[in-house]
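The residues making up each chain are set out below.
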Protein chains: 2
Amino acid sequence: MKQTLRVHNAAIHYFDMVRRCGSIREAARRLNVASSAVSRQIIKLEDEIQAPLFERLPSGLKLTTAGEIFARHVMVVMQDTERTRSELGALRGLRSGHVRLAIVEGLISDLMPTVIERMRERYPNISTDIAILGSQQIPEALAKGQADLGVAFSLKRHADLRQLAIAHFELGAIMRPDHPLARHAELNLITCSQYPMILPTPELSLYQLVAPLFSGQERPTNGVARVSSVELAKQMAKRGVGIAFQTRIGILEELEKETLAFVPVRLGGPIYSDLGVYARNGRFLPVAADAYARALNEEIVARGQGDRRQW
Amino acid sequence: MKQTLRVHNAAIHYFDMVRRCGSIREAARRLNVASSAVSRQIIKLEDEIQAPLFERLPSGLKLTTAGEIFARHVMVVMQDTERTRSELGALRGLRSGHVRLAIVEGLISDLMPTVIERMRERYPNISTDIAILGSQQIPEALAKGQADLGVAFSLKRHADLRQLAIAHFELGAIMRPDHPLARHAELNLITCSQYPMILPTPELSLYQLVAPLFSGQERPTNGVARVSSVELAKQMAKRGVGIAFQTRIGILEELEKETLAFVPVRLGGPIYSDLGVYARNGRFLPVAADAYARALNEEIVARGQGDRRQW
DNA sequence: ACGCCGTGATGCCAATTCAGCATCATCGTG
DNA sequence: CACGATGATGCTGAATTGGCATCACGGCGT
């Protein structure tokens, strides 16, 4: 299965495994080779580079600065090897591969199921790992090569990230349809704060959007709860605990069934949150990841307000 | 000198040389190895990939589709190897390297000399190749890995290109200061066409800007010459052959010495040409190339009207 | 304080890989 | 038709690599 297209020296695979294990012997075990072989290859690499790659500490091996530079090279090579393999595979007609996604929680109820379903129809042989991470961890996971694609709200621009798709979503208040505010066309802060509210914690990107609404007061009077999960906030709103703040994208099903109502919150003008698909900059995507990116783009743009696609 | 940081299999270097030579024996000669060694490594690669990389034609070796895919991988690996080596070198404090630039002709009189001078002050150990190419060939040279950085006007967006810097330059008419039009604050087409004009040929990116001015008439009445060199057009204008069309950036010296005058040409509003610095997308730049990109950015932005930097 | 265990490095030997030489079949060219 | 050049291949010696046993070292628990 893991026919790694062994076009490259074993040394760089050894190096990568040692880096991940922090131990030569452990790496050797996982690679099914003798530890002496691994040790020698590392020494040989250090000889080529003319600088130590690891600090040998009693507690384990830790990358030196040179090691970190080289590790990035290894990541580039291995990721591009994967891309090449997938392209060569596509050439033979077997559209398969493996994609690792890192997404935020707000997409698990509607967007991701749809995308996965569509991908399974089109490319039954593509397998997927999905990690639910906070907004902050997603760029990190991409940079470390732990994920191929990331989907998150309002990521700030970063040189290591490449934006593959983006769409805007308007922030609004969500509540039960029988809530007194549910019939308004739009809402402002003062009106909202006269009713119990479910507010986001700072870990959520939503916080950045909602916080300004309550600038000044540190703890809004009517904040009945501060939760770090948009799903939880949604469930609470459905049970009538109060009104929560989200974009439409997490509650499309509830809107259709009319178990929740959505009312835009305006502060001067509408408040937008940008949902984007990201990859690490500086790599070509394997065909499988590229297919996912396209599918994500389609669905996001279809749900967004004011779309844009930059490829 | 060419200690290629031999972290990688000889096979990929052999492959790359064979690809460039179109011949195994010729590649072997340049690599100072026996042809059998090269032949076998290629066969071994094809064995790993389970597809032929070259078509063996009597006239030479030509890449198959799989070969092209693999060639791209090899380019990525080799370029990233170069980056890694330069970063490791920078770690040791010897800020050296080699950068290959592909620029358009219009920059040879002012911008490039300044940039090169500045680079030689800052990094005396960086060597440079400069190729003067047409606007169309520059993206191509970057894609093929024949150049590290490209500087050109008005490149259309392309997925394989990454824009490192950009600045706008207004199109204008250039002429001797004693020309009747030299004292105008701005000009339009009709006024210009009453005097002899030196026009660009379609190879120049300028053509795209100037052509609309003369839409309708295929051959402007007063076009005394069509030249494919902005330098030549400038020299002709200096000698009073007629008025030419350029941006300021090529004639800064003449403007200072008042041997040429520049008058904006407007068509409704000002007409801008974008001068950009580009690299192949999907690669980290070596530190030497990165330093060049920064220096180019500085100088371009300093000369431009309405700057922007996206990194 | 003293074994005990696990670590990375190293000497030695076998297995594998690789390069060079000579040679062959093939094809274009004069 | 002969000549020269090409890519592939059998063979041999050299170089690289991996496995085993062993050493020196340091943390940890008794």
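Residues numbered from 1 in each chain as written. Chains lettered and ligands numbered in written order. Predicted model: local features only at pLDDT ≥ 70, side-chain atom pairs only at ≥ 80, totals over all residues. Heavy atoms only, no water.

### A short note on the protein's contact with DNA strand C
Neighbouring DNA strand C are 19 residues, the closest being A:Ile24, A:Arg25, A:Ser39, B:Ala34 and B:Arg40. A share of 58% of the atoms of DNA strand C within 4 Å of the protein falls on sugar and phosphate groups. At the level of secondary structure, the elements contributing two or more residues to the surface near DNA strand C comprise helix 2 (24–31) and helix 3 (35–49) of chain A together with helix 3 (35–49) of chain B. Per-element tally for the surface near DNA strand C: the top contributor is helix 3 of chain B, with five residues. Taken together, the residues that form the surface near DNA strand C break down as eight nonpolar, five polar and six charged. (Near = heavy atom within 4 Å. Helix = DSSP H or I, 4+ residues; strand = E, 2+ residues; numbered from the N terminus. Nonpolar A, V, L, I, M, F, W, Y, C, P; charged D, E, K, R; others polar.)

### A few points about the interface of chain A and chain B
In this assembly, 34 residues from chain A lie in contact with 35 residues from chain B. In this structure, B:Arg72 and A:Glu87 form a salt bridge, with 3.4 Å as the shortest nitrogen-oxygen distance. For the pair chain A and chain B, the interface holds 12 residue pairs in polar contact (both at pLDDT 80 or more). Sorting the residues of the side of chain A that touches chain B by element identifies helix 3 and helix 4 (65–91) of chain A as the ones contributing at least two each. Residues belonging to the side of chain A that touches chain B are distributed by class as follows: 14 nonpolar, 10 polar and 10 charged. (Contact = heavy atoms within 4.5 Å. Salt bridge = Lys/Arg side-chain N within 4 Å of Asp/Glu carboxyl O. Polar contact = N/O pair within 3.5 Å; in protein donor to acceptor, adjacent residues only side chain to side chain.)

### Focus: the relation of the copies chain A and chain B
Once turned by 180° and shifted 0.1 Å along the axis, chain A lies on chain B with an RMSD of 0.1 Å. Both copies are brought into coincidence by an operation consistent with a two-fold rotation axis. Using C-alpha coordinates, one finds that chain A approaches the rotation axis most closely at A:Gly282, a distance of 1.9 Å. Same-surface contact between copies: 100% of interface residues of chain A are shared with the interface of chain B. (Least-squares fit on C-alpha atoms with pLDDT ≥ 70 in both.)

### Things to note about the domain arrangement of chain A
Taken as a whole, chain A is organised into domain 1 (10–77), domain 2 (95–169 + 274–308) and domain 3 (172–270). Here domain 1 of chain A and domain 2 of chain A have C-alpha centroids that lie 31 Å from each other. (Domains from an automatic or database assignment.)

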